[in-house]
Every structure is written in C-alpha cells, then in structure tokens.
Amino acid sequence: MIEVKNITKSFDGKTILHDVSATFKEGITNLIIGQSGSGKTVLMKSTVGLVRPEEGEILYDGRDIMKMDNAQIKEIRKEIGMLFQGSALFDSETVLGNVMFPLQMFTKMSHAEMRDRALFCIERVNLKGADKKYPSELSGGMQKRVAIARAIALNPKYLFCDEPNSGLDPKTSILIDELLSDITKEYKITTIINTHDMNSVLGIGENIIFINKGYREWVGTKDQIYTSDNEALNDFVFATRLFKQVKNYMVEKQ
Amino acid sequence: MGIKSSLESFGQYCVFMARVFSVPEKWKIFFRKLVQEITKLGMDSIPLVAIISVFIGAVITIQMQLNIISPLVPSYSVGLATREIVLLEFSSSILCLILAGKVGSNIASEIGTMRVTEQIDALEIMGVNSASFLVLPKVMAFLLFMPVLVIFSMAISMVGGYLIAMFTDMIPVSRYVYGLQALFKEWYVWYGLIKSLFFSFIISSIASYFGYYVKGGALDVGKASTNAVVTSSIMILLFDVILTKLMLQ
C-alpha cells in the first residue's frame, strides 16, 4: 500500500498540487484521473520519486521516501515497476534484451535463469515469439505489453502506469487494461494508473482518485462514480453524449 | 544574466560529472558497453579520420612547397614542416574539432533522444544511475581510443604528403622522407597525444551533458546536438591555447 499525505508541489512559483492526500491499495487497480494540466502526472511523479514535493509524506508500506537518502530511495526503486506513456523501451535492445535488463542489473541469476524468467514474462503478456524483435518492429500495443513485461520482471510490489492507453485503439486499450488488472490481482501488486481514458475508468477503476485544478476532488469506485453528484467529476467523466447515456442507464438500472 | 546562467550550467555539469564517475553497478555490463562504444565512437571514425588526414597531409605538403621558394631554405624543409604541422596541431586539435562534429553530435542526439522518449526516466525508476550507466562507457571509450586515432592520423597525413612527392614533380621523394625524419622531437608526439586526451574528454562529456539535460522534443534534441558541437569546439580551442602555453613553453 502507498499512502500520500498532504503533499504540495509548485513549479516556478505556481502551485500544481495543493495538500493532496490519497491511499493506493494493494491488489487492486488504483486510478488517478483528471483533465490535462490538473496535476495528475505531477502526483504520480511525486509518488514515484521523480519529483520532490515541498511538503507532505509519501509512505510505501509505512516507509516515508521523503525522509530517505539516495541509497535508500535506490533500494526502494528496485521494488517499483513503471510503464511509461511512450513505453520507454531501449531501442538498441531486442524485446528479450529489454525484459532481461532489470534482471541483469539487479539479480545474480545465471544467464539461463534470466532468459527463462524474461521469456515467462513475455509469454505472460501474450507476446510469445516476439522476443527477438526490436521495439521499432512492434506496434504501439505490443510495445506497451513489452514495457509491462519489463516492469513485472523483478516481481515488483508497486506498479506505476502513466497513461497506458494513450495512442492505442479501443480494443487494444481494453486488452492492456485487462492485462494490468489481471497482473495486479495475480501478484498482489499496488498498481497506480494515471489515465483520462473513460473506458479504463469505468472498466477497471476499483479505487479512483479524481484530481481537479491541483486538488483531490473525489475518491470512489467505478460503481460509485455513476451516482456521484460531484459536478466537476460528472463534467469530466460524462463529458460525451455516449457516457451520459451510459450514466443514465446505470442509474436507472440501480 | 548570461554569466549567471553560464555558472549555473557549469555547476550542473560538475554535479553531472560527479554522477558519471561513480563505480559501475555491474562491471560485466560496463565492459560490454565499453566495447560497443569503442566500436561505435572509435572504430567507426577511422574512415573519416583516414580520408581527412590523407587529403590534409597532401595539401600541407603542396602549400609548403609553393610557399618555401628560396635558395636559402633546404628542400627537405617541406617534409619537416609538414611533419611539425601534423604532429603539433592537425592530428590533435584540428582532428578533434572535426570529431566534435561527428562524435559529439552522435552522443548528444543519442542521449537526448533517450531523454525525450523517457528511457532515462525508465533507468532512474529501476534504480540505475543513468548518468554513469550511459555516459561513463562513452567517455572511457573515447578516451581510450583517441590516441589510436591520433597516431593513425599522424601516419596517414604523412602518407598524404608522400603521395604528392611520389606522383608529382614538386619535391623529390627522398628529400620529403629526409625532411620527415630531420630534427625529430619525440616530445611533439606526446604533446599531441596529451592534448587529444583532454579534447576527447571535452567532446564526450560536454556532448553527454547537453544530451542528458534536453527538455522538450525532437527539435530540442537537434538544438542540444548543435550546442554540444559549438560548446565543445570552443572549449577545444580554449584548451589548445592553455595546453600549448603549458607544454611547449
């Protein structure tokens, strides 16, 4: 579990996050949602330690990373997997090389063991047979899956995903969402997904944190979102006619 | 404002270098990358160095012959002057200015692209010291291979002059070869090699710095690459003056 307590972050005198608190639970998919520029990426980067907030606490199972030195942060990062918006695969390495990379850096496994583990992860994300390909030879969805395989190679306790569906078609987006949800439950990972994809929100949002203009505006689940009377949340989630109809249908059904 | 930002950049460069020169986390991976970088930055530069050196050696010989027309100056002076120019300046300083363009832009654009595509963030999240992991093998590879390139350039430049002597009637081959050997000072070779080590560090570290701190997109990677070449060229010229003053006076 990761707890973020009262964090504030400014850039060039402009406050981006105002006293934000959130709890990201283990074994479920935690979603941070909000409009572009609302501060959700800063919240994620602060939580993962890429950005240092001015105030607040960030607790990884009780361990406050704000009070840690570089060596301690480095240790905790070995428990973190991250899926970047653009996949961030190493261009010069094959799929197998990318997935084996964290194993080569942080384990004392033999080459055969590393290879077996990497192939297992590649198979787990349904990319069997693609291990010899380079990232440039893969589609966007396949690159995302390789990035997931790399992220889970070290059996992370925490998985961060920055807009995992950006640039993907709806069908592939659903596959990625399902994969992330399955992996989260299978390995009991604390998964945090930063998204503004409404299909993800209504599909896998088990714990949703809505950020609006730098403030934590709302917290709930995908079922509670239909009945919420929070105006900013409704304006954001049910902005399109299709999602408005979905909301009306769900409210009537309940 | 300009001085303040320059000092800030220099401070950032020093902090960056402190991160670069840390003990590699896995020596096996470091040596593997070192060999790759020697191939990419060093071996792949050999054709360019050969072409430039042979032509510049030839041109220096022709110009020396055309400009030293006096019964008081012995004919072997052409070979001697060619050798001195090549050893003292061309194969160390001018060659490094050329390599600043090739190798510097290569390093800055490679690391810059890794920055804008979040590959460096990915390394940091994994707990890898990205500065050391990416930059140290490049700096060490270029430092190790630069003397090879300089010696190679010295030899090929003199071959360029030899070809002029052989295929034209500007200077007899025997006088040119005698000139190459006359009044030889071994220290000049060491001087060229020592200078080139400084310059190779300047090229690889400055290019890495500009690439590592790119912000933005593809356009900014291009700008960083240009800035890296311009800055390292200026620093090479500055250090050329300082080192010449220190080592030859």
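Report follows, based on the coordinates. Please read all numbers here as calculations on a predicted model, not as lab measurements.

**Details of the overall build of chain B**
Alright, step 1. In terms of helices and strands, chain B carries nine helices and zero strands.
Alright, step 2. Going from N to C terminus, chain B has its helices and strands arranged as α-α-α-α-α-α-α-α-α.
Alright, step 3. Counting only C-alpha atoms, chain B reaches 70 × 45 × 30 Å along its principal axes.
Alright, step 4. In chain B, buried positions account for 43% of the 249 residues.

**Considering unusual backbone geometry**
Residues and elements named next belong to chain A.
Alright, step 1. The phi dihedral of aspartate 12 falls on the positive side, at around 50 degrees, and the residue is not glycine.
Alright, step 2. Along the chain, aspartate 12 falls in the loop between strand S1 (2–11) and strand S2 (14–24).
Alright, step 3. A positive phi is found at alanine 88, a non-glycine position, where the angle reads about 55 degrees.
Alright, step 4. One can find alanine 88 in the loop between strand S6 (80–83) and helix H3 (95–106).

**What about the pairing of strand S4 (residues 55–60) of chain A?**
Residue and element names in this part refer to chain A.
Alright, step 1. The pairing of S1 with S4 spans five bridges and is classified as antiparallel. By the bridge assignment for S4, valine 4 is matched with isoleucine 58.
Alright, step 2. The pairing of S4 with strand S5 (residues 63–64) spans two bridges and is classified as antiparallel. Its bridge partner lying in S5, tyrosine 60 is registered against arginine 63.
Alright, step 3. In sequence, S4 turns back onto S5 through a hairpin of two residues, with aspartate 61 there showing a positive phi of about 45 degrees.

Rules behind the numbers
Residues numbered from 1 in each chain as written. Chains lettered and ligands numbered in written order. Predicted model: local features only at pLDDT ≥ 70, side-chain atom pairs only at ≥ 80, totals over all residues. Helix = DSSP H or I, 4+ residues; strand = E, 2+ residues; numbered from the N terminus. Buried ≥ 20, exposed ≤ 12 C-beta atoms within 10 Å, placed from the backbone. Pairing = 2+ DSSP bridges.

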